[in-house]
Amino acid sequence: MSTYYQPPKYPASTFESMMPSDETLPVVVVGAGPVGMATALGLAQRGIPVTIIEAADQVSFGSRAICISRHSLEAAARLGFGAELDKIVLPWAGGRSFYRDQQVLHFQMPQRDFDVRPPMINVSQSEFEQIMVDTIEQNPLITLYWQASIAGILRGDDEVTLEVDTADGKRHLRARYVVAADGGRSRMRELAGLRLQGTSYEGRYVIADIHWESALPAERMVWFDPPSNPGSTIIMHKQPGDIWRIDYQLDPSEDAEIETQEDAIRARIAKHLDWLQNDLPWTLEWKGFYSARALALDEFAHDRILFAGDAAHLVPIFGVRGLNSGMEDAETLAWQLAAVIHGNADAALLQAYSSERHNAWEQNVANAGKSTLIMSPGSHGYRTTRDAVLALAVGRPEFGHLINPRQSSATHARLSPLTWPVAPGTEGVLPGDPVEDRRVRIGGADTSLNVARGTGFAVLGFGLDDADSAALVAATTELGAALSPESVRALAVDSAEVDGVTVLDAADLADALGAKAGDTFVIRPDGLLLCRVPVAGLSGVADALRSGAAPSGDALPARPAEQVTGDEQRRENVWLGLSTALDQVDESDREGFLTRLALMLGSQVDHRQFEEAIAAASDTSPVRVDELAPQV
């Protein structure tokens, strides 16, 4: 019996148009996807009524996004639906890649003793959204209108009028701010006359969900050029309830209209499962189609219309950054928009949202773009080097890191106008970096840093004496008054105990963050570090947030140092450089170019090293047809 999730349908909502005498709504969110609902929950958490309009009559059907990152799980907990989500998810921590039938990569994401959550979980986007809807229905500050589609917008100086198509005819709503979270085909973006800019990749993938009671592990499995589907790439993920997500690449010569027919999809999947020596029945539950795109608006804030999630930016599917980056958008936008609506910050704070989330998109594209060049190489050069890397990785595992999917992780905001400078040479977690959740103890009880700091700002001190602890309380109280109703909590480690400060038992926290005695860290509601200063420096935080600009000072490094070795970086540089060179050389001279390159590079090593390189490059390791099951 299939366990595939069937979301409930909702009747068309009935509401009247607003009259000129009616009080303007604080915020209308267009789109009840994960990003729109997360934004609404974050605003309501800060006391702001929100109206959501959704064109459909149910949450999305099908898996769509299935991989939820640790950082998104933290956001779900802060927004009030994490506990319900935890009941149904399937955790996983790594994956394997195969070239034909041979393993060429086994990667593991960090899973440490202090981690509160797994690095990644699988759950269908449909179930993820339904839990959010159920949470919203319990929130008196959020109104969700179903079967209400946006038809027009009229912008004013201090409000936006929305024309909405409903089952009862056209209705009009007026809002101080509108959050456009209506997805990749955003009607709001169209009505605003805006276009996404960037790159569309050539790779096309069919997506299918099947019910299959297989004992294969819950990990990301990828086959390049598998014997079951030569020349293709196949990705498999296990979901809760014995649901499997299968993505496979179409050849450029294949007709997508034909290949996305149900019979064609069944035949392709059956061929792969047969190769895996499957003798279990399976059923096709859902299908879709995908092509990789890296596109974004130039700006995400357009006066009183704010774009978030896929309405603002698109990233390739590889590395699962779509929904996860959208959850980051939502958390950041919620606390910043709330500060503006409550009068605690100037509208410039919303430009900070646009700036830092556009830069976050650039970070995601930088990583997802490399993964896409492996998964869907769109040129002769990149296809040639991808195939060469796969062949080499069979016997030379040091090349396997180039195949790593670079799974989604929290982006940083080092370049944000809100992020404070630090002295050159400061080590550890820097302003703009995510402060990851970790296990701590308070009064002998187990808890976590995120639980201790709550849903708002936290001021975390290290090694404070009595005077500094008292000053921490005073600064936190002042910041709380300036940002009310945003919560602001005072926390400390290895510090004097005074009223108003929660002391954490976390012996390793200072080392983990790179903190020294006397340091205070201000953590934003979305989990990013705003600044690290002495206690006396906290007095300027409220004014900086109000103006949307941090104090001037030395620029931070543009990005955290990548966790790669020198050898790995060299191999990546060679891969990228050689791919580009092959694309630039004349087609008739490709063999000559590679021969000249080999002669030049070979002349720089001794005879033994050159002979070893020739041997490694010559070993193509034929497919082992007698061992059809993937390695475990």
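Residues numbered from 1 in each chain as written. Predicted model: local features only at pLDDT ≥ 70, side-chain atom pairs only at ≥ 80, totals over all residues. Heavy atoms only, no water.

*Asks:* Go over the overall build of the protein chain with me, naming the residues and quoting the values.
*Replies:* Along its length, the protein chain carries 17 helices and 26 strands. Its C-alpha atoms give the protein chain a radius of gyration of 26 Å, near enough to 26 Å, the size a compact globule of 632 residues would have. Across its three principal axes, the protein chain shows a C-alpha extent of roughly 70 × 65 × 50 Å. When the 632 residues of the protein chain are sorted by exposure, 54% land in the buried category. Partitioning the intrachain contacts of the protein chain with sequence separation of at least 6 by distance along the chain shows that 75% fall at a separation of at least 24. When the accessible surface of the protein chain is split by element, carbon and sulfur atoms take 51% of a total near 26,600 Å². (Helix = DSSP H or I, 4+ residues; strand = E, 2+ residues; numbered from the N terminus. Rg over C-alpha atoms; globule rule 2.2 N^0.38 Å. Buried < 20%, exposed > 50% of the residue type's maximum accessible area, 1.4 Å probe, protein only. Contact = heavy atoms within 4.5 Å. Areas by Shrake-Rupley, 256 points an atom, 1.4 Å probe, with all protein chains shown as cover.)

*Asks:* Go over the pattern of salt bridges, please, and point to the residues and values.
*Replies:* Within this structure, the stated rule accounts for 33 salt bridges. The residue Glu331 makes a salt bridge to Arg78 at a minimum N-O spacing of 2.7 Å. Within this pair, whereas Glu331 is found in helix H8 (residues 322-341), its partner Arg78 is found in helix H2 (residues 70-79), the two being separated by 253 residues in sequence. Residue Glu190 pairs with Arg187 through a salt bridge whose shortest N-O separation is 3.1 Å. In this pair, Glu190 and Arg187 are both assigned in helix H5 (residues 187-191), 3 residues apart and thus about one turn of the helix distant. Given a relative accessible area of 52%, Glu190 falls into the exposed group. Classification of Arg187 by relative accessible area gives partly exposed; the value is 32%. One salt-bridge network, in which partners are shared between bridges, spans Arg70, Arg112, Asp115 and Glu436. (Salt bridge = Lys/Arg side-chain N within 4 Å of Asp/Glu carboxyl O.)

*Asks:* Any details on the nonpolar core? Residues and values, ideally.
*Replies:* Counting residues in each nonpolar core, the largest one holds 111 residues, and the members touching the most others are Val27, Ile52, Phe81 and Leu337. Ranked by residue count, the leading element in this core is H8, at 11 residues. If near-sequence neighbours (up to four positions away) are discounted, Val27 is found in contact with Leu43, Ile48, Pro49, Val50, Thr51, Ala175, Tyr177, Val179, Leu337 and Ile341. Judged by nonpolar contacts, the second largest core, of 33 residues, contains Leu105, Ile243, Val320 and Tyr382. (Core = buried A, V, L, I, M, F, W, Y, C linked by side-chain atoms within 4.5 Å.)

*Asks:* Please set out the environment of Val164 residue by residue, giving values where relevant.
*Replies:* Within the secondary structure, Val164 is located in strand S10 (residues 160-166). Separated by 147 residues in the primary sequence, Val164 and Ser17 have C-alpha atoms spaced 9.1 Å apart. Filtering out sequence-adjacent residues up to four positions away, Val164 remains in contact with Phe15, Ile53, Ala148, Ser149, Ala151, Gly169, Lys170, Arg171 and Leu173.

*Asks:* Could you give me a rundown of the sheet that holds strand S16 (residues 282-296), with the residues and numbers involved?
*Replies:* Pairing in this open sheet of 8 strands is mixed, and the strands run S6-S5-S13-S14-S15-S12-S16-S19 from one edge to the other. Every interior strand has two partners, whereas the edge strands, strand S6 (102-108) and strand S19 (313-314), have only one. Sheet topology places strand S5 (residues 94-99) next to strand S13 (residues 220-224); 5 bridges connect them, and they run parallel. In the sheet register, Tyr99 faces S13, and the bridge partner there is Phe224. (Pairing = 2+ DSSP bridges.)

*Asks:* Talk me through the sheet that holds strand S26 (residues 529-534); I want residue IDs and the actual numbers.
*Replies:* Spatially, S24-S23-S22-S25-S26 is the arrangement adopted by the 5 strands of the open sheet, whose pairing is mixed. The open sheet terminates on both sides in strands that have one partner only, identified here as strand S24 (502-504) and S26. Across the sheet, the mean angle from the axis of one strand to that of its neighbour is 25 degrees, orientation sign disregarded. Bridge count for strand S22 (residues 457-462) against strand S23 (residues 488-493) is 6 bridges, and the pairing is parallel. Across the sheet, residue Gly461 finds its bridge partner in S23, namely Ala492. Together, S22, S23 and strand S25 (519-523) form the strand contacts of helix H12 (residues 466-483), whose direction differs from that of S23 by roughly 155 degrees. (Axes fitted to C-alpha atoms, helices over the stretch in contact; angles between N-to-C directions.)

*Asks:* Go over the packing of aromatic side chains, please, and point to the residues and values.
*Replies:* Evaluated as defined, the whole model comprises 10 aromatic pairs. Judged by centre distance (5.3 Å) and plane angle (70 degrees), the rings of Phe462 and Phe521 are edge-to-face. Of this pair, Phe462 sits in strand S22 while Phe521 sits in strand S25, and the two are 59 residues apart along the sequence. Phe462 gets classed as buried once you look at its relative accessible area, which sits at 2%. Every member of this aromatic cluster is reached through a ring pair, and the members are Phe98, Trp223 and Trp275. Between the NZ or CZ atom of Arg438 and the centre of the ring of Phe114, over which it lies, the distance is 3.8 Å. Over the ring of Phe399 we find Arg571, and its NZ or CZ is 5.8 Å from the ring centre. (Phe/Tyr/Trp six-rings, centres within 6.5 Å; stacked < 30°, edge-to-face > 60°. Lys NZ or Arg CZ within 6 Å of the ring centre and 35° of its normal.)

*Asks:* Outline the pairing of strand S14 (residues 233-239), supporting the account with residue identities and numerical values.
*Replies:* Most of S14 is tucked away, with 7 of its 7 residues classed as buried. Burial along S14 is two-sided: Thr233, Ile235, His237 and Gln239 facing one way and Ile234, Met236 and Lys238 facing the other are all buried. Direction of pairing for S13 relative to S14: antiparallel, over a ladder of 4 bridges. When the sheet's bridge partners are listed, Val222 is paired in S14 with Ile235. As defined by bridge partners, S14 adjoins strand S15 (residues 243-250) across 6 bridges and the pair is classed as antiparallel. Following the sheet pairing, Lys238 is matched in S15 by Trp244. Where S14 folds back onto S15 in an antiparallel hairpin, the turn is made up of 3 residues, including Gly241, whose phi is positive at roughly 75 degrees.

*Asks:* Give me the side chain of Ser495: which residues, what numbers.
*Replies:* For Ser495, the location among the structural elements is in the loop between S23 and S24. We classify Ser495 as buried; its relative accessible area is 12%. A distance of 2.9 Å separates the side chain of Ser495 from the backbone nitrogen of Leu464, its partner in a polar contact. A polar contact of 2.9 Å, which involves the side chain of Ser495, links it to the backbone oxygen of Val493. (Polar contact = N/O pair within 3.5 Å; in protein donor to acceptor, adjacent residues only side chain to side chain.)

*Asks:* So what's going on with the packing of helix H1 (residues 34-45) against helix H4 (residues 125-137)? Which residues, and what values?
*Replies:* Each pair of packed helices can be described by the angle between their axes along with the distance between the axes. Between H1 and H4, the least distance of the axes is 10 Å, while the angle of their chain directions is 25 degrees. When the axes of H1 and H4 are compared, the pair comes out roughly parallel. Pair H1 / H4 crosses with left-handed handedness. Here Pro34, Met37, Ala38 and Leu41 of H1 come into contact with H4, specifically with Gln125, Phe128, Glu129, Met132, Val133, Thr135 and Ile136. Residues of the contact of H1 with H4, tallied by class, amount to 8 nonpolar, 2 polar and 1 charged. (Parallel < 35°, antiparallel > 145°, perpendicular 65-115°, else oblique. Left-handed = near helix turned anticlockwise from the far one by under 90°. Nonpolar A, V, L, I, M, F, W, Y, C, P; charged D, E, K, R; others polar.)

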